[in-house]
Amino acid sequence: MLTNDFGDFVHYRGILNFYVINHPDLIRQVLQKTNKKYDKGTDIYTRFRAVFKSGLVTSEGAHWAKQRKLIQPLLKPVFVRSLVPLMCESSAGMADEWSQSSGDGTMRNVARDMSRLTLEIAGKCLFSSDFEGYRTKIIEWSEFINEYSGMTPYPVIRSPWFPSPANFKMKRVLREFHDFVGALYDERVRGGSKNQDLFSLLL
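Residues numbered from 1 in each chain as written. Predicted model: local features only at pLDDT ≥ 70, side-chain atom pairs only at ≥ 80, totals over all residues. Heavy atoms only, no water.

1. Details of the overall build of the protein chain
Part 1 of the reasoning: When its secondary structure is counted, the protein chain shows 11 helices and two strands.
Part 2 of the reasoning: Walking the protein chain from its N terminus toward its C terminus, one meets helices and strands in the order α-β-β-α-α-α-α-α-α-α-α-α-α.
Part 3 of the reasoning: The principal-axis extent of the C-alpha atoms belonging to the protein chain is close to 50 × 50 × 40 Å.
Part 4 of the reasoning: Out of the 203 residues in the protein chain, the part that is buried amounts to 26%.
Part 5 of the reasoning: Restricting to contacts in the protein chain with at least 6 residues of sequence separation, those with at least 24 account for 44%.
Part 6 of the reasoning: Here the protein chain has roughly 14,000 Å² of accessible surface; of this, 59% comes from carbon and sulfur atoms.
Part 7 of the reasoning: Between the averaged position of the 28 positive side-chain charges in the protein chain and that of its 22 negative side-chain charges there is a distance of 8 Å. (Helix = DSSP H or I, 4+ residues; strand = E, 2+ residues; numbered from the N terminus. Buried < 20%, exposed > 50% of the residue type's maximum accessible area, 1.4 Å probe, protein only. Contact = heavy atoms within 4.5 Å. Areas by Shrake-Rupley, 256 points an atom, 1.4 Å probe, with all protein chains shown as cover. Lys, Arg positive; Asp, Glu negative; His and termini not counted. Charge placed at Lys NZ, Arg CZ, Asp CG, Glu CD.)

Shown next, in the form of structure tokens:
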């Protein structure tokens, strides 16, 4: 890593020009003390906007503040605590898989397992029982979105408008995901669903 060779503050100059900070005090200064001096007008956030549009991750200023206020109820400790049993259930399931693999000598990709566990917990918290019917697709969509968002935003070839296989696939993935969320929205609103998940709270 750059920080291993050059320390906790690195200015990288090349095809991409960026800074890397790797110390809690520096991170606190950027995110809290002087955060108003920085914006999200970067190549990386341009790539994020191809996926997340003007959502909480990419928005700024008054629009960000409005969105942050809307999701505030989801961050209250009492609600987060209510999700702990669900998190424990999924984690215990993964631990059982590891135990079985340990017994029969099966190799595991721990990074992939943890990513899948995270997606499963997030999916259940968001969609409760509806997650099970779409588990495979939701995990597939989420994994590609993560992969796409993490690609180095090289000029032109990684621009959202460029006719690359990755951009074509992202458009298909987003279309499928939006169709799923739209159908679930219609079902919840018309059917008066009593689900107490994150999606219902957002509605």
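Read on, since the account is not over.
2. Some thoughts on the nonpolar core
Part 1 of the reasoning: Ranked by size, the top nonpolar core spans 16 residues in total, and within it Val51, Phe127, Ile138, Ile145, Tyr148, Met170 and Phe180 carry the most contacts.
Part 2 of the reasoning: Of all elements in the fold, only α3 (43-52), α9 (135-149) and α10 (165-191) reach the threshold of two or more residues within this core.
Part 3 of the reasoning: Filtering out sequence-adjacent residues up to four positions away, Val51 remains in contact with Ile145, Tyr148, Ser149, Met170 and Leu174.
Part 4 of the reasoning: Counting residues in hydrophobic clusters, the runner-up holds eight residues, among them Leu74, Phe79, Ile121 and Cys125. (Core = buried A, V, L, I, M, F, W, Y, C linked by side-chain atoms within 4.5 Å.)

3. A short note on the side chain of Ser149
Part 1 of the reasoning: As for its placement among the helices and strands, Ser149 is situated in helix α9.
Part 2 of the reasoning: The class for Ser149 is buried, based on a relative accessible area of 14%.
Part 3 of the reasoning: Engagement of the side chain of Ser149 in a polar contact is seen with the backbone oxygen of Ile145, the distance being 2.8 Å. (Polar contact = N/O pair within 3.5 Å; in protein donor to acceptor, adjacent residues only side chain to side chain.)

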